[in-house]
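# Coordinate inspection notes
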Amino acid sequence: GLLAQLYANEDPERVASLVLANSAAGVGEQWKQTEREVLTYNRHRSGLPGFAALGFWAATSRLPGRAGDAAGRHMLARVWRNYFPDPATAPPPDTAWLSGAHSSVAIKTVAALRLASASRLDGLGSRLAAPVLVVYGDDDIYGPSPEHVRTRFPTAQQAILDHCGHLPWIQAADAFAALVSDFYTDVRMPAEGSTADSTD
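First, a word on scope: everything that follows refers to the structure included in this document. (Residues numbered from 1 in each chain as written. Predicted model: local features only at pLDDT ≥ 70, side-chain atom pairs only at ≥ 80, totals over all residues. Heavy atoms only, no water.)

## A closer look at helix α2 (residues 29-60)
The condition that has to hold: Each helix corresponds to a stretch of at least 4 residues labelled H or I by DSSP, and each strand to a stretch of at least 2 residues labelled E; elements are numbered beginning at the N terminus. Expected helix span is computed as 1.5 Å times (number of residues minus one). To get the bend at a residue, fit one axis to the 7 residues ending there and another to the 7 starting there, then take the angle between the axes.
For α2, with 32 residues, the first-to-last C-alpha span of 26 Å runs short of the 46 Å given by 1.5 Å per residue. The sharpest bend along α2 reaches about 125° and sits at G47, with the proline P49 one to four residues further on.

Here it is in structure tokens:
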């Protein structure tokens, strides 16, 4: 979701529609706020031993090469479980998702997000002519930071899904599918041959 916002900010004329499902808020100080909120969430969901294990894998993920990648994937698998009300009964994470995760890339990306100015996305909602849908779960991993996104897109269709965490396509699949379907029913997609891209 954050990458989609950054893309729309750079090339708004190439975006025909934008769906932000459980997006991080922004860059710079807004990204740091999101990190703090997600850290608090994971500490609560993990318990002390689980949170200590997360810290271990996070530290080890800074090792170079395969060792760092393997540690990063262990960390992601634990975080994935925390996305569910009972981490012990969470479905296993997708192995293709995990195998595509590389710690060195993640570390560089996070460093760039922290250094960027929080004002970078200011005014995006007014520059972007495309229709926007903003969705969060009522038990998402964030605290108040999604308000930055809601404020950024004041004319967007906004939704909060009940009994849903950070994965609405799994945790509120029917409601999420209906929401997206209704949104795109109302969206006039660009004519064939247009250069606009649908971004989500």
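## Structural notes on the nonpolar core
Counted only if it meets this: Definition used in this section: a nonpolar core is a set of buried Ala, Val, Leu, Ile, Met, Phe, Trp, Tyr and Cys residues joined via side-chain atoms within 4.5 Å. Note on classification: 1.4 Å probe, protein chains only; a residue is buried when its accessible area is under 20% of the maximum for its type, exposed when over 50%, partly exposed between these limits. When checking whether two residues touch, look at their non-hydrogen atoms; a contact exists if any pair is within 4.5 Å.
Core analysis: the biggest nonpolar cluster contains 33 residues, and L2, L18, L128 and F153 have the highest contact counts within it. For this core, the elements supplying multiple residues, two or more each, are α1 (2-10), β1 (15-21), α2, α3 (65-82) and β2 (132-137). For this core, the element with the highest residue contribution is α1, accounting for four residues. Discounting chain neighbours no more than four positions away, the residues touching F153 are Q5, L18, L20, L124, G125, L128, V132 and Q158. C164, A172, F176 and V187 belong to the second largest nonpolar core, which has 11 residues in total.

## Notes on the packing of α2 against α3
For the record, the criterion: As a rule, the C-alpha atoms of each element are fitted with a line to give its axis, helices using only the stretch in contact, and angles between N-to-C directions run from 0 to 180 degrees. Here the angle decides the label: under 35 degrees means roughly parallel, over 145 means roughly antiparallel, 65 to 115 means roughly perpendicular, and every other value means oblique. Residues are grouped as follows: Ala, Val, Leu, Ile, Met, Phe, Trp, Tyr, Cys and Pro are nonpolar; Asp, Glu, Lys and Arg are charged; every other residue, Gly included, is polar.
Two numbers describe how α2 lies on α3: the axes approach to 8 Å, and their chain directions differ by 175°. The angle between α2 and α3 falls in the class roughly antiparallel. Here α2 contributes Y41, N42, R45, S46, G50, A53, L54, W57, A58 and T60 to the contact with α3, which in turn contributes A67, G68, A71, H74, M75, R78, V79 and N82. Looking at the contact of α2 with α3 residue by residue, the class counts come to nine nonpolar, seven polar and two charged.

## Thoughts on the environment of Q5
Relative to the helices and strands, Q5 is located in helix α1. For Q5 and G125, which are 120 residues apart along the polypeptide, the C-alpha to C-alpha distance reads 9.8 Å.

## Some details on the side chain of H166
Here is the rule we go by: Polar contact is defined as a pair of N or O atoms within 3.5 Å, subject to the rule that within protein one atom must be able to donate a hydrogen and the other to accept it, and that residues adjacent in sequence are counted only when both atoms are side-chain atoms.
Here H166 is to be found in the loop between β3 (157-161) and α8 (168-171). Judged by relative accessible area, which is 12%, H166 ranks as buried. Within polar-contact distance, the side chain of H166 engages the side chain of D140 at 2.7 Å. Beyond its immediate sequence surroundings of up to four residues, H166 is in contact with N22, Y83, D140, I141, Y142 and Q171.

## Notes on the side chain of S17
By secondary structure assignment, the location of S17 is in strand β1. Of the residues examined, S17 reaches a relative accessible area of 0% and is grouped as buried. A polar contact is formed between the side chain of S17 and the side chain of Y184, at a distance of 3.0 Å.

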